[in-house]
Amino acid sequence: MFDIQIKVGALVEKDSKLFLISEKGQSTRQRRTKEKYLLNIVKGTFDPKLDKNLLATVVRECREEINIKVKVEKLLHFIYLRENKKIRLQFNFLCKVVGKNKPKISSQVKQKIYQEKINDCKLFSKTELKRLKQKDFIDRRAFVAVSDYLAGKSLPLSVLREL
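Note that the structure is predicted; figures quoted are calculated from it, not measured.

Participant: Describe the overall build of the protein chain, listing the residues and the values that go with them.
Facilitator: Per the secondary structure count, the protein chain includes 4 helices and 8 strands. Ordering the α and β elements of the protein chain from the N terminus gives β-β-β-β-α-β-β-α-β-α-α-β. A compact globule built from 163 residues should have a C-alpha radius of gyration of about 15 Å, and the protein chain, at 15 Å, falls within 12% of that. Once the C-alpha set of the protein chain is aligned to its principal axes, its extents read approximately 45 × 45 × 35 Å. Here the protein chain holds 163 residues, and the buried ones make up 41% of them. Put simply, of all contacts in the protein chain between residues at least 6 apart along the chain, 68% involve residues at least 24 apart. Each charge sign in the protein chain was given a centre, from 38 positive and 19 negative side chains, and these centres are 3 Å apart.

Printed below as a string of structure tokens:
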């Protein structure tokens, strides 16, 4: 039996810079190393009990992980990932910060509930993002998302149709 999950990622922009979180984990390229803090985008799992649709999941995840309100503007891309019996369908979105609120990572208590290990959230300029390597990211999905963001790739939200 397969373990199939629908994931979302949020590339959150403010003032032409991109927020990345620092999250404890093992790089997918370095499985034998101990856990350390690596860069990641905001991402999470679609939950039909909580979320009306994928856009609602993006908004919820941004609130849960970095306590920020966002407007989802475009679809960056769609990623299909299969590892043995695990299948992940990930939709990554481009978002803008709404209002003047500053990001703040959730408390340790909330992170434990959400099974997160985030210690920081920082804005990166495009110049800084271009210097980052795949080994700086928690997984290839996050690295590819940032690479596609830098390349200017995106699709209108209208490609997602709800029936």
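Participant: Account for a nonpolar patch on the surface, with residues named and values stated.
Facilitator: A cluster of nonpolar side chains, V109, I113 and Y114, forms an exposed patch at the surface whose accessible area comes to about 310 Å². Residue position: Y114 is located in helix 2 (residues 108-114). By relative accessible area, which is 30% here, Y114 ends up partly exposed.

Participant: An account of helix 4 (residues 140-150) is requested, with residue identities and associated values reported.
Facilitator: Buried within helix 4 we find R141, A142, A145, V146, D148 and Y149. Axial view of helix 4: buried residues confined to an arc of 160°, hence all on one face. Directly beyond the C-terminal end of helix 4, a positive phi value near 80° is found at G152.

Participant: Pulling in residues and values, what's your account of helix 1 (residues 54-66)?
Facilitator: With 13 residues, helix 1 ought to run about 18 Å at 1.5 Å a step, and its terminal C-alpha atoms sit 18 Å apart, in line with that. Residues of helix 1 that are buried: L54, T57, V58, R60, E61, C62, E64, E65 and I66. Two or three places before L55, at the opening of helix 1, N53 has a side-chain oxygen 3.1 Å from that residue's backbone nitrogen. One or two positions beyond helix 1, positive phi appears at N67, with a value near 50°.

Participant: Give me the lowdown on the side chain of D148, citing residues and values where you can.
Facilitator: Along the chain, the position of D148 falls in helix 4. D148 gets classed as buried once you look at its relative accessible area, which sits at 15%. Engagement of the side chain of D148 in a polar contact is seen with the side chain of H77, the distance being 2.7 Å. Ignoring sequence-local partners within four residues, the contact set of D148 consists of L76, H77 and K153.

Analysis parameters
Residues numbered from 1 in each chain as written. Predicted model: local features only at pLDDT ≥ 70, side-chain atom pairs only at ≥ 80, totals over all residues. Heavy atoms only, no water. Helix = DSSP H or I, 4+ residues; strand = E, 2+ residues; numbered from the N terminus. Rg over C-alpha atoms; globule rule 2.2 N^0.38 Å. Buried < 20%, exposed > 50% of the residue type's maximum accessible area, 1.4 Å probe, protein only. Contact = heavy atoms within 4.5 Å. Lys, Arg positive; Asp, Glu negative; His and termini not counted. Charge placed at Lys NZ, Arg CZ, Asp CG, Glu CD. Patch = residues over 30% accessible without salt bridge, like charges linked within 9 Å, V, L, I, M, F, W, Y side chains within 5 Å. Areas by Shrake-Rupley, 256 points an atom, 1.4 Å probe, with all protein chains shown as cover. Salt bridge = Lys/Arg side-chain N within 4 Å of Asp/Glu carboxyl O. Arc of directions from axis to C-beta. Expected span 1.5 Å × (residues − 1). Polar contact = N/O pair within 3.5 Å; in protein donor to acceptor, adjacent residues only side chain to side chain.

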